[in-house]
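Report on the structure
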Amino acid sequence: MEKNNVKEIYLAGGCFWGTEHFFKQMEGVVETEVGFANGHTENPTYKEVYTDETGYAETVHVRYNPDVVSLEFLLHMFFKAIDPTSLNKQGHDEGTRYRTGIYYVDDNDLPVIDKVFADEQQSIDQPIVVERQALKNFYTAEEYHQDYLDKNPSGYCHLPLSLFEFARKAKDSKQSTR
């Protein structure tokens with residue numbers, strides 16, 4: 001989807017509450033929405049996804065302005081918020097619903113995704129287990145999950161609070177030179 005100079009990417013980084021809050025802090029991110037991606041049932045509920053029988057990953061739909069922030073920058077930031085070598089587990093959260101993944105809707109994004117994977121792999125001594133796939137499907141999670149940490153500032157989050165401050169201050173240096 002590219003209208004009004006907005007692009008999109010879907011990112012699964014463990015529990016979607018913290019992942020969404022992390023990306024909402026970044027300059028150039030214009031909208032986020034939490035939901036479930038790349039499963040095999042229709043219209044799953046959180047309760048169904050929680051069973052790990054639907055094949056879905058908790059995922060954040062990120063819409064961003066590419067004139068302000070690049071996909072490459074967003075993906076490098078994503079890797080700062082996950083353990084890319086942990087399969088089906090982030091923090092204390094375990095299960096296939098907490099797997100990590102980058103799900104794209106534009107095939108033109110694949111070279112950027114591949115570059116970021118190669119860059120990140122150079123600094124990690126174990127294989128990266130983050131999924132890298134085209135988006136098959138996405139269903140929006142129930143309303144109480146949207147903007148969860150804004151609604152519940154002391155709510156559960158697997159990410160350290162310092163990461164949110166880091167995201168607020170981070171700037172895409174390549175974008176500012178354009």
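The structure we're discussing is the one just above.
Computed from a predicted model, the values in this text were never measured in an experiment. (Residues numbered from 1 in each chain as written. Predicted model: local features only at pLDDT ≥ 70, side-chain atom pairs only at ≥ 80, totals over all residues. Heavy atoms only, no water.)

1. Brief notes about unusual backbone geometry
Positive phi, normally seen in glycine, also occurs at aspartate 52, with a value near 65 degrees. Its location among the elements puts aspartate 52 in the loop between α2 (46-50) and β3 (57-64). Judged by relative accessible area, which is 27%, aspartate 52 ranks as partly exposed. (Helix = DSSP H or I, 4+ residues; strand = E, 2+ residues; numbered from the N terminus. Buried < 20%, exposed > 50% of the residue type's maximum accessible area, 1.4 Å probe, protein only.)

2. Some points on the environment of aspartate 107
Within the fold, aspartate 107 resides in the loop between β6 (100-104) and α4 (110-122). For aspartate 107 and asparagine 43, which are 64 residues apart along the polypeptide, the C-alpha to C-alpha distance reads 25 Å.

3. A word on the packing of helix α1 (residues 16-24) against helix α6 (residues 161-169)
α6 packs onto α1 with a crossing angle of 30 degrees between their chain directions and a minimal axis gap of 8 Å. Our classification of the angle between α1 and α6 gives roughly parallel. Counting all contacts with α1, which are made through Gly18, His21 and Phe22, the residues of α6 involved are Leu163, Phe164 and Ala167. Residues belonging to the contact of α1 with α6 are distributed by class as follows: 4 nonpolar, 2 polar and no charged. (Axes fitted to C-alpha atoms, helices over the stretch in contact; angles between N-to-C directions. Parallel < 35°, antiparallel > 145°, perpendicular 65-115°, else oblique. Contact = heavy atoms within 4.5 Å. Nonpolar A, V, L, I, M, F, W, Y, C, P; charged D, E, K, R; others polar.)

4. Here's the deal with the packing of aromatic side chains
Taken as a whole and assessed by the stated rule, the structure comprises 9 aromatic pairs. Taken together, a centroid distance of 3.6 Å and an interplanar angle of 10 degrees make the contact between tryptophan 17 and tyrosine 148 stacked. With tryptophan 17 in helix α1 and tyrosine 148 in helix α5 (residues 148-151), this residue pair connects regions lying 131 residues apart in the sequence. Its relative accessible area of 15% is what places tyrosine 148 among the buried residues. Relative to phenylalanine 117, the ring of phenylalanine 79 lies with its centre 5.5 Å away and its plane at 90 degrees, an arrangement referred to as edge-to-face. (Phe/Tyr/Trp six-rings, centres within 6.5 Å; stacked < 30°, edge-to-face > 60°.)

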